[in-house]
Amino acid sequence: SGQFLVTGSITHQIDDYAKNYLKEKQGQPQDMTIGILWAGANDYISKEAFSNSISALLSKPTSEEGYNIVIDRVIDALKEHLLRLHDLGLRRLLVINLPDLGKTPMVLNNLSFKTGADDIDEQERLLLFSARLSELTRSHNAALDDMVLGIRQSSPDLEIIVADADTILEGALSPGFTKPAMGFDLISNRVTLSGAGVLPSSASICSNAPRAVFWDLVHPTTYFHCWMAYALGNLLHDQGWMAAMPEADEYRAWCELVADAY
């Protein structure tokens, strides 16, 4: 029932930061602060619950409600947020792109997406839904890269980098990142789909949720977020913005501690 609970926009969050947390007011220069912006997914997946909205978004990409137009609006908004942070004095910004939305569990539980074809079976419909979400993700990420490049060219005093969440998610879902490496327990969390291609009852899902990648239809687990932070930390270190992260084995112990606490 809380799926569409809105707790405030990014504009409100930045306004709150400027009012209450701006470090310059506490004697710390803003060029020593890293601003991190990760947003955009909700502009797309919030339409999933409504057949007309999600079908128009994915099946008619060039229409007013299609993803080509919606992506332009989302990227324009993200650009405004980044420029606002720049205006506030930040000189180091990290932007995170979107992981492949077509690989989220939302796909397997979808009932709303309509293709307009009468002769398509349920499995084909879900495969098409996944493919369209993947296309949307790629288009969003490409547009984000272009926008960031434009900001770099127009604001030479600003250091801005893009983190690839899509690659990080792909790594977490690959066999190489199961228990021996990063501690994800993908094997015991595997669920066999029904003949219709949908998930079985929720009682049989995620018996070991603290080592899964997703804890619901779209949100990553605490454990995945911990490793996401590790990847971002390494990226920031490579950029020369922060100290080196711990070794992976040491960090895995920390991720396990945090995940198991919840």
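Going by the structure above, here's the rest.
Each chain carries its own residue numbering, running from 1 in the written order of its sequence. Local features in a predicted model are, by the rule used here, given only for residues with pLDDT of at least 70; side-chain atom pairs are given and counted only at 80 or more, and totals for whole chains, interfaces and linings are based on all residues. Remark: hydrogens and water are excluded; side-chain values derive from all non-hydrogen atoms of the structure.

Participant: Explain the overall build of the chain to me, please; I cannot follow it from the model alone.
Facilitator: Comment: elements are numbered from the N terminus, with helices defined as DSSP H or I runs of at least four residues and strands as E runs of at least two. When helices and strands are counted, the chain shows 8 helices and 3 strands. What sets the accessible areas is the Shrake-Rupley method with a 1.4 Å probe; for residues, cover comes only from the shown protein chains. Carbon and sulfur atoms make up 54% of the accessible area of the chain, which totals about 14400 Å².

Participant: Explain the packing of aromatic side chains to me, please; I cannot follow it from the model alone.
Facilitator: The geometry of two aromatic rings is summed up by the distance between their centres and the angle between their planes. Here a pair means two rings of Phe, Tyr or Trp (six-membered ring of Trp) with centres within 6.5 Å. Their orientation is stacked below 30 degrees between planes, edge-to-face above 60, and tilted elsewhere. Overall, the coordinates contain 6 aromatic pairs when judged by the stated rule. Relative to Phe224, the ring of Phe184 lies with its centre 6.5 Å away and its plane at 50 degrees, an arrangement referred to as tilted. Pair noted here: Phe184 is in the loop between helix H6 (165–173) and helix H7 (222–238) and Phe224 is in helix H7, with a separation of 40 residues, a long-range link. Burial here depends on accessible area, computed with a 1.4 Å probe over protein chains only, as a share of the maximum for the residue type. Under 20% is buried, over 50% is exposed, and the range in between is partly exposed. For Phe224, a relative accessible area of 5% translates into the label buried. Three or more aromatic residues link up through ring pairs in this structure, and these residues are Phe184, Tyr223 and Phe224. Cation placement over rings: the criterion is NZ of Lys or CZ of Arg within 6 Å of the ring centroid and within 35° of the ring normal. One residue, Arg211, lies across the ring of Tyr223, its end atom 4.9 Å from the ring centre.

Participant: Just checking my understanding: could you explain the state of the cysteines for this structure?
Facilitator: A covalent bond between the sulfur atoms of two cysteines is what we call a disulfide. The disulfide criterion is simple: two cysteine sulfur atoms within 2.5 Å. All told, the structure shown has 1 disulfide when counted by the stated rule. Here Cys226 is linked by a disulfide to Cys255, with a sulfur-sulfur distance of 2.2 Å. Between Cys226 and Cys255, the disulfide has an S-S torsion of -85 degrees and is therefore left-handed. One end of the pair, Cys226, is in helix H7; the other, Cys255, is in helix H8 (residues 248–261), with 29 residues separating them in the sequence. The exposure class of Cys226 is buried, given its relative accessible area of 8%. Residue classification places Cys255 among the buried positions, given a relative accessible area of 1%.

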